[in-house]
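Structural features, examined
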Amino acid sequence: MSTPLLELQDVTKRFGGVVAVNGVSFDVGEGELVGLIGPNGAGKTTLLNCLSRMYRLDAGSIRFGGVDIAKLGRHEVARLGMGRTFQVVRPFRSMTARENVAIGALFGSERARLAPAEAFTVADEVIDLVGLGGRAKLLVDELTVPDRRRLEVARALATRPRLLLLDEVMAGLNPSEVAEELEVVKRINASGIAILVIEHVMQVIVGICPRVVVLHFGRVLLEGDPATVLGDPRVVEAYLGERYARRLQEARGG
Ligand SMILES: Nc1ncnc2c1ncn2[C@@H]1O[C@H](COP(=O)(O)OP(=O)(O)OP(=O)(O)O)[C@@H](O)[C@H]1O
Ligand SMILES: [Mg+2]
């Protein structure tokens, strides 16, 4: 078997007394589409921040394309071909969608360093890929919420990643918008890019990801195909526990 594109070994991240990510190990293969799910606070975003080198690991190791990235900077990791979105969207608001994406292209991975004119060509390609075609010339402020999410994905794609990390890009979308977004994710994956897609709502993931990793309290609860994951009582319990806690809080008027 060939070496996985991404290899996590015992990845651990603490915030004071909270172990947000606790000994997490799994792989993502070249061109694979893997879902990462788990209830609120499970550690999904923290893990993603460890991968993209926003956070320093407290223990464990991460290899990307066979390279140990634990000591590399954020931009070095991006240049190796790891692209990501942010749960909180933060584009350059005074620019058009197209300009935002072109900037992503300029700061792309090493294998795809571009001249400014080429950056716009790449921008137009990925804008089409995410379904933003007709709105490329709009200012960010003029875009709808779903279109801003698409813009985030386009910005990440413009860096020409080998692996794309998506953090809750479907949050706040209605069911038909989610369905469209899932098609976009499938299309990106079909173009040969590996994707690790994080979602709180597991139904979103199981429809498109052949393999799913479930995080709970910072640990891998289990990983497997969607049917196995959905049918596992531990997963049901993790999500029910969360719903129960929320109801309790509402009943208390919180
Ligand atoms: N910067 C931080 N400082 C302190 N604690 C943090 C920080 N970021 C996250 N945590 C804590 O780490 C745990 C994991 O949080 P994280 O945001 O990674 O969860 P998540 O799975 O992404 O949740 P959500 O579905 O709500 O996005 C939580 O207990 C959270 O309160
Ligand atoms: Mg999160």
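Calculation notes
- Every chain is numbered independently, its residues counted from 1 as its sequence is written.
- Each chain gets a letter, beginning with A, and each ligand a number, beginning with 1, in the order they are written.
- The predicted origin of the model limits local features to residues at a pLDDT of at least 70 and limits the giving and counting of side-chain atom pairs to 80 or more, whereas totals for whole chains, interfaces and linings rest on all residues.
- Note: side-chain values were computed over all heavy atoms of the structure, leaving out hydrogens and water.
- Burial status follows relative accessibility: with a 1.4 Å probe on protein chains alone, a residue under 20% of its type maximum counts as buried, one over 50% as exposed, and anything between as partly exposed.
- Every helix listed is a DSSP run of H or I at least four residues long, and every strand listed is a run of E at least two residues long, numbered separately from the N terminus.
- Strands are labelled as partners when DSSP assigns at least two bridges between them.
- The definition of a right-handed crossover adopted here requires that, viewed with the strands pointing away, the path from the first strand over the helix to the second runs clockwise.
- We call a residue near a given molecule or strand whenever any one of its heavy atoms falls within 4 Å of it.
- Any pair of nitrogen or oxygen atoms within 3.5 Å is treated as a polar contact; in protein, a donor-acceptor pairing is required on top of that, and neighbouring residues in sequence qualify only through side-chain atoms on both sides.
- Computed with a 1.4 Å probe, the accessible areas rest on the Shrake-Rupley method; for each residue, only the protein chains presented here act as cover.
- For the domains described, the bounds stem from an automatic or database domain assignment.
- By definition, residues are in contact when any of their heavy atoms lie within 4.5 Å.
- Summed over both partners, the accessible area lost on bringing two parts together, with a 1.4 Å probe, is the buried area.
- When a carboxyl oxygen of Asp or Glu lies within 4 Å of a side-chain nitrogen of Lys or Arg, that pair is called a salt bridge.
- Multiplying 1.5 Å by the residue count of a helix minus one yields the expected span of that helix.
- Relevant arc is that of directions from the helix axis to the C-beta atoms, nothing else.
- Both site types are read off a 1 Å grid over the protein atoms alone. A 1.4 Å probe that fits but cannot get out defines a cavity, while an open set with protein on both sides within 12 Å along at least five of seven lines defines a pocket; lining residues have an atom within 4 Å of a point.
- Grid points are joined across faces, edges and corners, and a volume is the space filled by probe spheres set on the points.
- The nonpolar class holds Ala, Val, Leu, Ile, Met, Phe, Trp, Tyr, Cys and Pro. Asp, Glu, Lys and Arg form the charged class, and all remaining residues, Gly among them, are polar.

Moving on, we get to the pairing of strand S7 (residues 163-167). Most of S7 sits out of view: 5 of its 5 residues are buried. Judged by which residues are buried, S7 turns out to be covered on both faces: Leu-163, Leu-165 and Asp-167 on one side and Leu-164 and Leu-166 on the other are all buried. The pairing of strand S6 (residues 82-84) with S7 spans 3 bridges and is parallel. Bridged to Arg-84 within S7 is Leu-165. Summarising the sheet, S7 and strand S8 (residues 194-199) pair through 5 bridges and their orientation is parallel. When the bridges of S8 are listed, Leu-164 appears paired with Ile-195. One crossover worth recording links S7 to the parallel S8 by way of helix H6 (residues 175-190), and it is right-handed.

Once that is clear, we can look at the site of ligand 1. Near ligand 1 you find 15 residues, and of these Asn-40, Gly-41, Lys-44, Thr-45 and Thr-46 are the closest. Ala-42 places a main-chain nitrogen or oxygen 3.1 Å from an oxygen atom of ligand 1. Within the contact set of ligand 1, an oxygen atom lies 3.4 Å away from a side-chain nitrogen or oxygen of Glu-168. Considering ligand 1 on its own, with 640 Å² of exposed area, one finds that the protein chains cover 62% of that surface.

This part covers the domain arrangement of the chain. The domain boundaries assigned to the chain delineate domain 1 (1-80 + 163-254) and domain 2 (82-161). Relative placement of domain 1 and domain 2: their C-alpha centres are 23 Å apart. Each side of the interface is counted separately: domain 1 has 29 residues, and domain 2 has 22 residues. Between domain 1 and domain 2, the buried area comes to about 2,200 Å², and carbon and sulfur atoms account for 58% of it. Here domain 1 is connected to domain 2 by 2 salt bridges. The partner of Glu-180 in a salt bridge is Arg-150, and the shortest N-O contact between them spans 2.9 Å. On the surface where domain 1 and domain 2 come into contact, there are 12 residue pairs in polar contact (both at pLDDT 80 or more).

This part covers helix H4 (residues 116-129). With 14 residues, H4 extends 20 Å between its outermost C-alpha atoms, agreeing within 8% with the 20 Å of an ideal straight helix rising 1.5 Å per residue. Taken as a whole, H4 has its buried residues at Ala-119, Val-122, Ala-123, Val-126 and Ile-127. Here the buried residues of H4 occupy an arc of 135 degrees about the axis, which is enough to place them on one side. Facing away from the buried side of H4, by more than 90 degrees, are the exposed residues Ala-117 and Asp-128. On its buried face, H4 sits against helix H3 (97-106) and helix H5 (145-158).

There is about 200 Å³ of room inside the second largest pocket. Lining the second largest pocket are 12 residues, with Leu-157, Arg-160, Pro-161, Ser-191 and Ile-193 sitting closest to its centre. No other element matches the 3 residues that H4 contributes to the lining of the second largest pocket. Among the residues forming the lining of the second largest pocket, the class breakdown is 5 nonpolar, 2 polar and 5 charged. Of the residues that make up the lining of the second largest pocket, three or more belong to each of domain 1 (1-80 + 163-254) and domain 2 (82-161).

Taken as a whole and judged by the stated rule, the model has 14 salt bridges. The salt bridge partner of Arg-150 is Asp-147, with a shortest N-O separation of 2.6 Å. Here Arg-150 and its partner Asp-147 are both found in helix H5, 3 residues apart, which amounts to about one turn of the helix. Residue class for Arg-150 comes out buried when judged on its relative accessible area of 6%. We classify Asp-147 as buried; its relative accessible area is 6%. A salt bridge links Arg-150 to Glu-181; the shortest N-O distance between them is 3.5 Å. You can see Arg-150 sitting in helix H5 and its partner Glu-181 sitting in helix H6, a full 31 residues away along the chain. For the pair formed by Arg-150 and Glu-181, the shared burial category is buried. Residues joined in a network through salt bridges with shared partners are Arg-135, Asp-147, Arg-150, Glu-180 and Glu-181.

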